[in-house]
Amino acid sequence: MSANMLAPLAFAVPLVVAAVCAGIGPFVPRRVLDALAFGGSVFSLAACALLASDAAQGTVVHWFGGWEPRHGIALGIAFVVDPVGAALAAFAAFLTTAAMAFAWTYYDESGPAFPVLMLVFMAALIGFFLTGDLFNLFVFFELMGVAAYALTAYRTEDESAVMGALSFAVVNSAGAFLILLGIALLYGRTGALNMAQIAHALGGHADGLVLVAFAFIACGLLVKAALVPFHFWLADAHAVAPTPLCVLFSGIMVQAGIYALARVYWSVFSGALGEHETALRGVFLAFGVATALVGGIMCFAQRHFKRLLAFSTIAHTGILVCAFALFRTQALGGMWLYILGHGLAKGALFMCSGILLNRFGSVDVEELRNILRGRPWVTGAIALGALALAGMPPFGTFVGTALIDDGARELGLSWLHFPLLLAAALTGGSVLNALGHMAFGWGPPPDPHAQTPKHETTETKKNGGFPYAMYAVAAVLTLASFSAMFVGGAPAAALGAAARFVDRPAQLAVVMNGASSGPLPHVAAPPLTEAIVYGFATTLLAMAFAAFALFGHRLPAALAALRRGPALIVEALRAVHDGVVTDYIAWLAAGTATIGVALAVLVR
Amino acid sequence: MNDRIRKTIMMATGAALFALGLWAVGGLPSFGHYPGPYGDVLNTVAPHERQIPNIVTAVNFDYRGMDTLGEEYIFFAAVAGIALVLRNDRKRTTIDALPSRRALHGPDATDAVRMFTVLALAVTVAFGMYLGIHAAQTPGGGFQGGALLSGFAALLLLGFGFPVMRKILSQDGFEAVEAAGAGAYALIGIATLVASGAFLKNVLPLGGEGQLFSAGTIPIINLCVGVEVCAGFFLLFLEFAHETRIEEQEPE
Amino acid sequence: MIGYLAFVVPVWIFVAGLYGMATSRNLIHLILCLSITQSSTYVLILEVGYRLGATAPVFSDVLPGTRAVDPVVDALTLTDIVVGATVTALLLAFALRIHKRTGTLDPEALREMSG
């Protein structure tokens, strides 16, 4: 089968399986549905993996309906599959497969809704990564969204789950409308929806229309990516969504927003906005650094383990946005590796939280004090996950950070290491802090006046048979994240893929004229020796943060006063994260206006 | 954030967004002068290439059929999600065992209402099918026709009440029909991919313009969409109507 | 000038819808404001494909080749409307469930829920 046919199959087969599951759902046992859904996701995984290896030999273009472009005008929709998109689609299918394997022993009873919506969600992600048409991108954005909203509300007996889903849906829909307004503006100017054709028609000139269209599309995609101040929905949704779904949310959906931003920038806008890169860099770096720090600090202040992981995802979003904002191929290559390394580690950590919920009926760190004593496997997995979040060598996150730092250094922005390092250390430290409570009973005694934790409705059968499948899947993800750097040539491949990703003229020839892109360019990976120092320094800092949180109360009074400063910041941030959906909309509007006006002022 | 702060923020950001929007639309070609090329090319080539007078339908089901496939699955996922959320704490088996037979409007509807409901039912079915089938010739289509046909469920509820509606419209059956409509669309794509090497390629004979089943795969996909949409809306009406009834019987 | 005013309409609808959402005190009202916000996209998309004095792109009663408006924007709007309708229905189901469980639809009162 040719690569050209794999792209639509990877997308369409899970949709057919989803329809079959929904149709026969009421009449067959649950295991049949699970097996069908698992088969669908394995198929997509295989198809996307083959597609990625083919795309490395040359960008794959599939014109739906056989509508090849005529005289430089696209008549239909194309999947334009470059190695990055295919690899991320394969990663999405891999995480879905892992989540389904994890869910095998996880649910008590469930109708067809879970497998059906998971398959639709995966297909939407795959389409989102592969499409080369701007409106089609919006359709998949919405498809991904609708499946995700419904799945978030899966535990409907818990009203906070439904409320979390509602906030998620409202904020993301508003983001989708921003994207659509941007697309309409571009269509009005160029009369085209194909990305390569729009880029060609826009030429090298940016006026108000192009700038605002970019600002709107970028803000809409960054809502999905949970950039501060668009991030509020993420923690609410993660705290209540079924754990297998959180693996996908944090592992790939949020990153899909950043991927799409990079895709849209380099496929559509880089010609028109290229000369204003400095202005764009300033705006996106400011928001990226703010996101990394807010996410890191809020992460440290959580005691609900899933919410903690959700805020850590926000911190890592900030790091990824900074990587985008550098507009360098090294940083972009680092971003791809970072997405994979982070997705694996975060997926493993969420699965550990699922195991906690399954075995002990809670994810509240205080409530679980001492509970992991004598359970070395879960303790070990959480510890490894924490180190991966901190970016310790040889985890995938470390390689990614090293390349991002390299890009920053080349631009003379070496200072950027430090906020990113701080954010990574905060997220790793907060997981270690939680682990100190749960595995060793360390940490200050719980404050009797503190708010009582919200009662957790269990999402699983409690203390059923030993969940081997859950442990196995969590272990696979942890090990995959750990072994990332030992995959020979991963950095070089990522850099080569990034070099093709940013080559807009070549893309136009491939999409519009059917030219061949040829195999990936060879790019030498920079040496990582200096980065290893930074990696271990970050890890030590993470341990120091955790130690301070765990044992700070034993310090002499004078030093303990150190705790007061951070506590004030945390209180202020907590007050902002108030759980009121209308506030989230106000923040969304304010963020969009700020980014739009900042771009307008800096570029004009 | 209290009301006053929120309003102040929204006044300021609303003004900024409005200004940005005005700046952006100032760069559009003047109103009423669509410059092309996408739509003009399609208006020129589609009538003879696809033997179809309604170009919007050709765009929806052929040139940009992928968008519509995605759209159908958005609908499919939303119906599954709504069923999941609303059906949660009422198992299907207990529906008919509900103590009261009093439905939303059933027993209260007068004979006159019922008679007009029956008349309206006939018109709805006829017009819905007419609109749904003639996608290629007139400004109709599967989605519009299916949505209109599903008014059948609303009329049943209005004239005869929930128990009758529930008896006539089988939930499991419509779930299967809805899934079949959605799945068939994706399957047609796969079949054409195998047959021609391009997903959703219009491989069937095109026939002559103006015939009911001209334009190759377009009427078949149109039918799938119509069936899915109609069954999906039936399910939505059932779910929401059911919810009102529970509310009535078990006040909290 | 009148032409430019036509483009101001969707911008205004969008901002008004967002304002309504952010200042809403009732989830149903908020969901309807979301629909209003979305309708700005319908208006803008249809406007950019409009052509003065042209027919609809349905060549049954007029000959092919007659000056017609852009069929693509019609198709895009149709897709957009379906998306809007389904998301609205899903959101209303959420709101119904929340009201049934908590007896309120006030976002402020529901802040503990998102806790």
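The structure contained in this document is the topic of the report that follows. For clarity, every value in this text was computed on a predicted model and none was experimentally measured. (Residues numbered from 1 in each chain as written. Chains lettered and ligands numbered in written order. Predicted model: local features only at pLDDT ≥ 70, side-chain atom pairs only at ≥ 80, totals over all residues. Heavy atoms only, no water.)

1. Let's talk about the overall build of chain A
Summing up its helical and strand segments, chain A has 23 helices and two strands in all. For 604 residues, the compact-globule estimate of 2.2 N^0.38 gives 25 Å, and the C-alpha radius of gyration of chain A, at 23 Å, lies within 12% of that figure. Over its C-alpha atoms, taken along the principal directions, chain A stretches across nearly 75 × 60 × 50 Å. The burial tally for chain A puts 69% of its 604 residues in the buried class. (Helix = DSSP H or I, 4+ residues; strand = E, 2+ residues; numbered from the N terminus. Rg over C-alpha atoms; globule rule 2.2 N^0.38 Å. Buried < 20%, exposed > 50% of the residue type's maximum accessible area, 1.4 Å probe, protein only.)

2. Some details on helix α7 (residues 151–168) of chain B
Along an α-helix, residues three or four apart share an orientation, since each turn contains 3.6 residues. All names here are of chain B. With 18 residues, α7 should cover 26 Å at 1.5 Å per step; its first-to-last C-alpha distance of 14 Å lies more than 12% under that length. At F160, α7 is bent by approximately 130 degrees, the largest bend along its length, and proline P163 sits one to four residues beyond. Along α7, the residues classified as buried are G151, A153, L155, L156, L157, G159, G161, F162, P163, M165 and R166. (Expected span 1.5 Å × (residues − 1). Bend = angle between axes of the 7 residues up to and from the residue.)

3. Quick look at the packing of aromatic side chains
All names here are of chain A. Applying the stated criterion across every chain, the model contains 46 aromatic pairs over all chains. For the pair F121 and F249, a centre-to-centre distance of 6.0 Å together with 70 degrees between the ring planes defines the contact as edge-to-face. Taken together, the residues span a long stretch of sequence, with F121 in helix α4 (residues 113–130) and F249 in helix α10 (residues 243–273) at a distance of 128 residues. Note on accessibility: F121 and F249 belong to one class, buried. Between F300 and F545 the ring centres are 6.0 Å apart and the planes differ by 65 degrees, which places this aromatic pair in the edge-to-face class. (Phe/Tyr/Trp six-rings, centres within 6.5 Å; stacked < 30°, edge-to-face > 60°.)

4. What about the interface of chain A and chain B?
On the side of chain B, 60 residues touch chain A, which itself brings 74 residues to the contact. In this assembly, chain A packs against chain B so that about 5300 Å² is buried in total across both faces, 75% of it on carbon and sulfur atoms. On the chain A side of the interface with chain B, the three residues burying the most area are A:W67, A:L75 and A:T156, jointly 10% of the side's total. Put simply, chain A and chain B have three salt bridges between them. Across the pair B:R6 and A:D583 runs a salt bridge, and its minimum N-O distance is 2.3 Å. Linking chain A with chain B are 13 residue pairs in polar contact (both at pLDDT 80 or more), by the criterion used here. Among the elements of the structure, α1 (3–24), β1 (60–63), α4, α5 (134–152), α6 (159–190), α8 (208–225) and α23 (581–603) of chain A are those that each provide at least two residues to the side of chain A that touches chain B. Top element by residues in the side of chain A that touches chain B is α1(A). It accounts for 13 residues. Of the residues in the side of chain A that touches chain B, the class split is 49 nonpolar, 16 polar and nine charged. (Contact = heavy atoms within 4.5 Å. Buried area = accessible area lost by both parts, 1.4 Å probe. Salt bridge = Lys/Arg side-chain N within 4 Å of Asp/Glu carboxyl O. Polar contact = N/O pair within 3.5 Å; in protein donor to acceptor, adjacent residues only side chain to side chain. Nonpolar A, V, L, I, M, F, W, Y, C, P; charged D, E, K, R; others polar.)

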